Amino acid sequence: MTFEEFATARLPALLRYGLLLTRDPEQARDLVQDVLARVIPRWKRIGAVDEPYAYVRAMITNEYLSWLRRRKLRTVPLNDEALDVPAAEPADRIERADLWRRLAVLPRKQRAVVVLRYYEGLTDGEIADVLGCRASTVRSHASRALATLRVRLTNAETQPVNSESGVS
Amino acid sequence: MTNVDELRETLEHYAVLAPDGNGVVERAQAIHRRRRRRTSIATATAAAVLVGTVPVIVSRVGHPGHVAPAVSPAPVDGGLLKLTLDLMPGQSAAKVAYGRYGHTQYMSVRPHGTFTSSGEVYAEDPGTYDPKYFLAADKVQVRGHIAYYNEFMAHDNPAGLHYDYLSNPPLLSPVFHGAVGWPDPSGTWIIVNGGKNLADLLALAENVRLGVPSRVVAPVHLGYLPRGAQLTFAQTRNGERESDLAFSGEPLSPLARAAGWVNPPLLIKTVNRTADVDAHQKGTPPALTIAGHDSWWYTYHPAGPFAFYGKDSGALFVNAGNCQLQILVAHVNKFPFDELKRIVEGATFTDCSDVSTWGPPF
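If you're wondering where the values come from, they're calculated on a predicted model, not measured in any experiment. (Residues numbered from 1 in each chain as written. Chains lettered and ligands numbered in written order. Predicted model: local features only at pLDDT ≥ 70, side-chain atom pairs only at ≥ 80, totals over all residues.)

**Considering helix α8 (residues 135-149) of chain A**
- For α8(A), with 15 residues, the first-to-last C-alpha span of 21 Å sits near the 21 Å given by 1.5 Å per residue.
- Positioned one or two residues after α8(A), A:Arg150 has a phi angle of 55°, which is positive. (Helix = DSSP H or I, 4+ residues; strand = E, 2+ residues; numbered from the N terminus. Expected span 1.5 Å × (residues − 1).)

**As for unusual backbone geometry**
- You will see that A:Arg23, though not glycine, has its phi angle at about 65°, which is positive.
- Turning to its location among the elements, A:Arg23 is positioned in the loop between α1 (3-22) and α2 (25-39).
- For B:Arg143, which is not glycine, the phi torsion reads 45° and is therefore positive.
- In this fold, B:Arg143 is placed in the loop between β6 (138-142) and β7 (145-150).
- What makes B:Arg143 partly exposed here is the crowd of 13 C-beta atoms within 10 Å. (Buried ≥ 20, exposed ≤ 12 C-beta atoms within 10 Å, placed from the backbone.)

**Observations concerning helix α5 (residues 198-205) of chain B**
Residue and element names in this part refer to chain B.
- Within the span of α5, buried status applies to Leu-201, Leu-202, Leu-204 and Ala-205. Viewed end-on, α5 has its buried residues packed into an arc of 155°, placing them on one side of the element.
- As for α5, its buried residues are in contact with β5 (119-124), β6, β7, β8 (179-183), β9 (189-194) and β10 (208-215). (Arc of directions from axis to C-beta. Contact = placed C-beta atoms within 7 Å.)

**A short note on the nonpolar core**
- Counting residues in hydrophobic clusters, the biggest one holds 72 residues, and the most contacted among them are B:Val121, B:Val180, B:Val192, B:Ala205, B:Leu325 and B:Ile327.
- Inspection of this core shows a minimum of three residues originating in each of domain 1 (78-215) and domain 2 (220-357) of chain B.
- Filtering out sequence-adjacent residues up to four positions away, B:Ile327 remains in contact with B:Ile268, B:Ala315, B:Leu316, B:Leu340 and B:Ile343.
- By size, the runner-up hydrophobic cluster in this structure holds 52 residues, among which are A:Leu103, A:Leu106, A:Leu116 and A:Val151. (Core = buried A, V, L, I, M, F, W, Y, C linked by C-beta atoms within 7 Å. Domains from an automatic or database assignment.)

**Things to note about the environment of B:Leu222**
All names here are of chain B.
- With respect to the helices and strands, the residue Leu-222 is situated in strand β11 (residues 220-222).
- Residue Leu-222 is classed as buried on the basis of its 21 C-beta neighbours within 10 Å.
- Between the alpha carbons of Leu-222 and Val-344 there is a distance of 8.0 Å; along the sequence they are 122 residues apart.
- When neighbours within four sequence positions are excluded, Leu-222 is seen to be in contact with Ile-343, Gly-346, Ala-347, Pro-361 and Phe-362.

**Section: the packing of α1(A) against helix α4 (residues 52-65) of chain A**
Residues and elements named next belong to chain A.
- Where α1 contacts α4, the axes come no closer than 11 Å and their chain directions differ by 30°. Of the possible angle classes, the one that applies to α1 and α4 is roughly parallel. Helix-helix and strand crossings are classified by hand; for α1 and α4 the assignment is right-handed. Along its contact with α1, which presents Phe-6, Arg-10, Leu-14, Tyr-17, Gly-18, Leu-21 and Thr-22, the element α4 presents Pro-52, Tyr-53, Val-56, Arg-57, Ile-60 and Tyr-64.
- Classifying every residue of the contact of α1 with α4 by side-chain character gives nine nonpolar, two polar and two charged. (Axes fitted to C-alpha atoms, helices over the stretch in contact; angles between N-to-C directions. Parallel < 35°, antiparallel > 145°, perpendicular 65-115°, else oblique. Left-handed = near helix turned anticlockwise from the far one by under 90°. Nonpolar A, V, L, I, M, F, W, Y, C, P; charged D, E, K, R; others polar.)

**A few points about the pairing of strand β12 (residues 231-237) of chain B**
Residues and elements named next belong to chain B.
- In terms of residue burial, β12 counts as a mostly covered element, since seven of its seven residues are buried.
- Pairing between strand β3 (residues 95-101) and β12: four bridges, direction antiparallel. Across the sheet, the residue bridging to Tyr-101 is Phe-233, located in β12.
- In this sheet, strand β13 (residues 242-247) lies alongside β12 in antiparallel orientation, the contact comprising six bridges. In the strand pairing of β13, Arg-237 is matched with Glu-242.
- Hairpin connection from β12 to β13: four residues lie between these consecutive antiparallel strands, with Arg-241 at a positive phi of about 55°. (Pairing = 2+ DSSP bridges.)

**Looking at the confidence of the model for chain A**
All names here are of chain A.
- Counting all residues, the mean pLDDT for chain A is 77, and 74% of those residues have values of 70 or more.
- Considering each helix and strand of chain A separately, the mean pLDDT is smallest for helix α9 (residues 155-158), with a value of 52, and largest for helix α6 (residues 108-118), with 92.
- Predicted confidence for residues 70-88 stays below pLDDT 50, and this span has 39 contacts to residues more than four positions away or in other chains. (pLDDT = per-residue confidence, 0-100.)

Here is the structure:
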């Protein structure tokens, strides 16, 4: 697979992931663009790994978490009115918008854990690999994030997602 | 209280707001090409410098009694802080970042209130810009004056991307890279890049002016600078409550700096302390106190957060009220810790969260 083929196939997914991390379309575009500029010279190696998408997603995550990343602009805040999608029921919409606002106050690492776990569907072990930490640390971040978001876990969710890699 | 399914639905619901991919890959390719060119130049330069430096190193080793020269406050080229580029009156809130590097003033604008444009605007000092790509392009009208429209211009380096696109046409979807430029009566060239199409671009250009002189402001006033610190880049980022002052390096554009092409020898950055900012020092007790401020001094470690700044780098972080001063140096032997400490001791701060309290940094 060439870099162009990869980009054509996976760019929308990468941008969606970037958007959920940054909550800002302009910053998401900048983030993905900067990472792809670093991917290009390494494509021979990255394109040969089992899951190039996972590799690039990890690069995006780390770039997002880089505390010296200084993106230039803060742009239009996203809200439900900006969505060009079928409107939800008012009560659902208010609840959803409220949850989206609460996501904004999470520290970056917690937000990344939430997005990787609940949007990308990664196990805690896989998230730990991306973040370069232990699975127990991932669970700790997730627990704090969910408390801030006031999200209630079901019984199934309280079990370690990937206990085999959850060694701490 | 909500549940995990609703959290998943919320993420999926908002993910559709992701930007379209138009231009992302092409821009990444352009950044890569320019970075590669820059790296080859830097490698050649480093090799040349190394050849000339070896005898000096040997000479220094042979004289252990060498004493560093006394330092004194350095004069600052205040011209770099002066700006005339602006939006029309009443629209200043849309200006989210502005500053100057070398002969170029710039500002980034984003929609705000009734102002709906988005883009980057540059003003090149008289006599410093070669407008040949504009003069050969189509003529358009901006506020009744003749301007020029070139469909293959990039905001950070118009001529550079023009060449890139001539030799390496975009591989994926077509993308809008147009720019409008015109000369001001003063001889300054104004270049506007933005919008999704020509109509958007012209709407933005209509709102640009060379106005009353202003200057870059920061939440910090620096009473001391090391000898040899020459200001090369200054910017205020209203949107993010940050300011950047770069010294003694090549006057790179904001995009080049953001892409990490070259780290300036001395970078003094001031940020508004937020939970995100404080999280980085959380659990790490301040190693020292400077002028009453909690401070952290980091030297190079291959796995450390500043590895990208080079093997000789150092970083001094200082919490002062609701500001965090971040001083990064590429070579601690050129700007040693004691000098950075003196910068902090001579610094005074305003309210980092309120841009209206910011003033000239020197």
